[in-house]
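Fold and geometry: a report
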Amino acid sequence: QFPFGRRLPCDIYWHGVSFHDNNIFSGLVNKFPGMMETVRKITLSRAMRIMQDLFPLEYNFYPRSWILPEELPLFVAEVRMMKDNNPSWKPTFIVKPDGGCQGDGIYLIKDPNDIRLTGSIQSRPAVVQEYICKPLLVDKLKFDIRLYVLLKSLEPLEIYIAKDGLSRFCTEPYQEPTLKNLHQVFMHLTNYSLNIHSGNFIHSDSVNTGSKRTFSSILCRLSSRGADVKKLWSDIISLVIKTIIALTPELKVYYQSDIPAGKPGPTCFQILGFDILLMKNLKPVLLEVNANPSMRIEHEQELSPGVFENVPSRVDEEVKVAVIRDTLRLVDPQKKKKDTHTFYPWIHLKCAHQLPRTSSVLHVSHLPQGHPVKPGSCRRTLSVLVFRRCPGWERPGPGEELPGAAAGAEAALPSLCLKQVFPKYAKQFSYLRLVDRVAALFIRFLGVKGTTKLGPTGFRTFIRNCKLSNSNFSMAAVDILYIDITRRWNSMGIDHKESGMCLQAFVEAFFCLAQKKYKSRPLHEQVALLIEQCECRLAALQGQRLLWGCA
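First, a word on scope: everything that follows refers to the structure included in this document. Please read these numbers as outputs of a predicted model, since none were measured by experiment. (Residues numbered from 1 in each chain as written. Predicted model: local features only at pLDDT ≥ 70, side-chain atom pairs only at ≥ 80, totals over all residues. Heavy atoms only, no water.)

**Points about helix α13 (residues 434-444)**
Within the sequence span of α13, burial applies to Leu434, Val435, Asp436, Val438, Ala439, Leu441 and Phe442. Buried-residue contacts for α13 involve α2 (41-54), α8 (229-258), α14 (456-465), α16 (503-517) and α17 (523-550). (Buried < 20%, exposed > 50% of the residue type's maximum accessible area, 1.4 Å probe, protein only. Helix = DSSP H or I, 4+ residues; strand = E, 2+ residues; numbered from the N terminus. Contact = heavy atoms within 4.5 Å.)

Structure follows, in structure tokens:
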């Protein structure tokens, strides 16, 4: 571990929190720039709303959401209108602070007027969503699912889903929300960090019982009751792919800002934690996406008042060790060297406490061979991983064969727990990637490398090159559109580091242009037609420039 950075290059950097933990110029890093900002509750809700506007049926797995404080009047008005239309409707809403984690600051309300309008709502914005009142229960308890998703590559898009995950249970029997039980967090909130403080929390050595279980154990139980588990998995895979598709446009803007095209830089990958709730009818609902899912494989146990010991968790170990082991196998830079021997000096990935004290180990983040770590020095957590060396291995010289143990090391590993879902199912979902193409136009006209905001000159150039202005939409009207939308988005306090139009503001402007040009069509058709027009015009312009260059 190098808490103050490392000067020598590495094959793989494993950062604790974000891409910007250290300056990196080569190799692989386990974080994407901008991922933490992209999966925050407000940004995620905005990205999902864009997709819901385009494809309402395909994105109905995300609860209806409003952003506070700017959409509070809209929230109050819409709820009042829905109640007037359906007097029997008695909704419950859940308020989640934008930057909150581990259940911090979350509360339930029955009426919009119950939102805690303190001074902190301005400094700490939030998302309010419809609460799922009829979740699937197991042993009369509400639970959610933590699934691990590997985003192996952004361009081209490559997604893997772990075949198993965690099921995290509440610790009080579930009842539908009433004014009397709204405050009972152990009944309504599935967050592990909250429920572990409940007297009813059960630590179990079995993956089938207790307050934290494997998702596969829940699937077995559902299958025994006649549930269609294959359809459930298919729905979950669809949810994950659609969510990543909604997030990639924003990620690409951050990526080109930190790692401009044509300049040396690292290759990124990232493990994401998807929190999913199952409704009573087995429909999966996305709760949130975590950029830094916990990889701890232990929990604290109180031996006596004030005396705690870290105890390994079999459930966490079974799921998380496999996820990290197979992530490293998939991104292994050695596999790309087709013309040389692929060298595997490890057999099994293990947490440090499983290795005998005499083992020689290699630190994952310092993958170059021959960089030993003192045996027994690693903590019992998956923030540090180790590879066990094969007995008696040495790196072969030129033309030599690999030792038998090293040559067969990959074959000795278990089959991959990570299943590729994209591009495997790309044909089924490619039509959803409209905003990706809008983001490509946005990035093309940013002009200055390293920026994430489009200036007025860049916007005018976009309009002019794509020939979107005419007698009914003059360049003066273009300037007014730019100023109005940019000013409104900047007033929301999105990002004041740079001036200009952010991607989401550009998407809104693009949708506005599409609706002006192609009336009386569904929004997704309007947007698709305008994208095709812009791409064709820009391709023709590029062809003309090439001809001029040849001349």
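Still more ground to cover, so stick around.
**Comments concerning the packing of helix α15 (residues 475-491) against α16**
Interaxial distance between α15 and α16 falls to 9 Å at its minimum, and their mutual angle equals 140°. Between α15 and α16, the crossing angle belongs to the class labelled oblique. For the crossing formed where α15 meets α16, the hand is right-handed. Packed against α15, whose contacting residues are Leu481, Ile485, Arg488 and Trp489, the element α16 presents Gln504, Ala505, Glu508, Ala509, Cys512 and Leu513 at the interface. Its residues assigned to classes, the contact of α15 with α16 comprises 7 nonpolar, 1 polar and 2 charged. (Axes fitted to C-alpha atoms, helices over the stretch in contact; angles between N-to-C directions. Parallel < 35°, antiparallel > 145°, perpendicular 65-115°, else oblique. Left-handed = near helix turned anticlockwise from the far one by under 90°. Nonpolar A, V, L, I, M, F, W, Y, C, P; charged D, E, K, R; others polar.)

**Things to note about α14**
Of all the residues in α14, the buried ones are Gly458, Phe459, Phe462 and Ile463. Each buried residue of α14 lies within a common arc of 140° when the element is viewed along its axis, so the set occupies one face. Where α14 is buried, its residues meet α13, α15, α16 and α17. (Arc of directions from axis to C-beta.)

**Description of the side chain of His188**
Mapped onto the secondary structure, His188 falls in helix α5 (residues 185-188). Within the structure, His188 has its side chain in polar contact with the side chain of Tyr131 (distance 3.0 Å). Not counting residues up to four positions away in its chain, the partners in contact with His188 are Leu108, Tyr131, Lys142, Cys170, Tyr174, Gln175, Pro177, Asn181 and Leu182. (Polar contact = N/O pair within 3.5 Å; in protein donor to acceptor, adjacent residues only side chain to side chain.)

**Points about the pattern of salt bridges**
Tallying each qualifying case throughout the model produces 26 salt bridges. Taking the shortest distance from any N to any O, the salt bridge between Arg49 and Glu71 comes out at 2.6 Å. Note that Arg49 is positioned in helix α2 and Glu71 in the loop between β3 (65-68) and α3 (72-85), a separation of 22 residues in sequence. Accessibility expressed as a relative area gives 24% for Arg49, which makes it partly exposed. Residue classification places Glu71 among the buried positions, given a relative accessible area of 14%. (Salt bridge = Lys/Arg side-chain N within 4 Å of Asp/Glu carboxyl O.)

**Details of the sheet that holds strand β5 (residues 107-109)**
Sheet architecture is open: 4 strands sit in the order β3-β6-β4-β5, paired in antiparallel fashion. Two strands bound the open sheet, and with one partner strand each, they are β3 and β5. Each adjacent strand pair in this sheet contributes to an overall mean axis angle of 25°, direction not counted. Direction of pairing for strand β4 (residues 93-97) relative to β5: antiparallel, over a ladder of 3 bridges. Within β5, the position partnered with Ile94 by the bridge is Leu108. Sitting on the sheet, α2 is in contact with β3, β4 and β6 (126-130), with an inclination near 135° to β3. Sheet contacts for α3: β3, β4 and β6; angle to β3, the most-contacted strand, approximately 145°. (Pairing = 2+ DSSP bridges.)

**Details of unusual backbone geometry**
The bulk of non-glycine residues show a negative phi, and the bulk of peptide bonds are trans. The amide bond that connects Glu155 to the next residue, Pro156, takes the cis arrangement and shows omega of 5°. Inspection of the secondary structure assignment puts Pro156 in the loop between β8 (141-153) and β9 (158-162). Omega for the bond connecting Phe422 with Pro423 falls within 30 degrees of zero, at 15°, which places this linkage in the cis form. A positive phi angle, close to 65°, is found at Lys140, a residue other than glycine.

**A closer look at the sheet that holds strand β12 (residues 267-268)**
Sheet strands pair via backbone hydrogen bonds, and the direction of the pair is either parallel or antiparallel. Ordered by their spatial adjacency, 3 strands build an open sheet running β1-β2-β12, and the pairing between neighbours is parallel. Each having just a single partner strand, β1 (12-13) and β12 make up the two edges of the open sheet.

**Details of the packing of aromatic side chains**
As enumerated under the stated definition, the model contains 19 aromatic pairs in all. Considering the side-chain rings of Phe55 and Tyr431, the 5.7 Å spacing of their centres and the 90° angle between planes classify their relative orientation as edge-to-face. Remark: Tyr431 occurs in the loop between α12 (426-429) and α13 and Phe55 occurs in the loop between α2 and β3; sequence separation between them is 376 residues. What makes Phe55 buried here is its relative accessible area of 5%. Taking the relative accessible area as the measure of exposure, Tyr431 reaches 41% and is therefore partly exposed. Connected via pairs of aromatic rings, a cluster forms that spans Phe442, Phe445, Phe459, Phe462, Tyr482, Phe506 and Phe510. Over the face of the ring belonging to Tyr192 we find Lys212, whose NZ or CZ atom lies 3.8 Å from the ring centre. Over the ring of Tyr518 we find Lys517; its NZ or CZ atom is 5.9 Å from the centre of that ring. (Phe/Tyr/Trp six-rings, centres within 6.5 Å; stacked < 30°, edge-to-face > 60°. Lys NZ or Arg CZ within 6 Å of the ring centre and 35° of its normal.)

**Observations concerning the pairing of β4**
Burial analysis of β4 places 5 of its 5 residues in the buried class, which makes it a mostly covered element. Across the two faces of β4 the burial is the same, with Phe93, Val95 and Pro97 and Ile94 and Lys96 all buried. Strand direction decides the pairing type here: β4 and β6, joined by 5 bridges, are antiparallel. When the bridges of β6 are listed, Pro97 appears paired with Ala126.

**Points about the environment of Val438**
Along the chain, the position of Val438 falls in helix α13. Val438 gets classed as buried once you look at its relative accessible area, which sits at 1%. Spatially, the C-alpha atoms of Val438 and Pro249 are 8.1 Å apart, while their sequence positions differ by 189 residues. Leave out the neighbours within four places in its chain, and Val438 touches Phe506, Val507, Phe510, Val527 and Ile531.

**Some details on empty space enclosed by the protein**
Taken as a whole, this structure holds 3 cavities of 30 Å³ or more when the rule is applied. For the largest cavity, the calculated volume is near 100 Å³. Surrounding the largest cavity, Thr38, Thr43, Ala47, Ile50, Ala246, Pro249, Glu250, Val435, Leu503, Gln504 and Val507 form its lining. Elements with a contribution of two residues or more to the lining of the largest cavity: α2, α8 and α16. Across the lining of the largest cavity, the residue classes tally to 7 nonpolar, 3 polar and 1 charged. Taken domain by domain, the makeup of the lining of the largest cavity includes at least three residues from each of domain 1 (12-63 + 132-331) and domain 2 (432-549). (1 Å grid on protein atoms, 1.4 Å probe; cavity = no way out; pocket = protein on both sides within 12 Å on 5 of 7 lines; lining within 4 Å. Points joined across faces, edges and corners; volume = space filled by probe spheres on them. Domains from an automatic or database assignment.)

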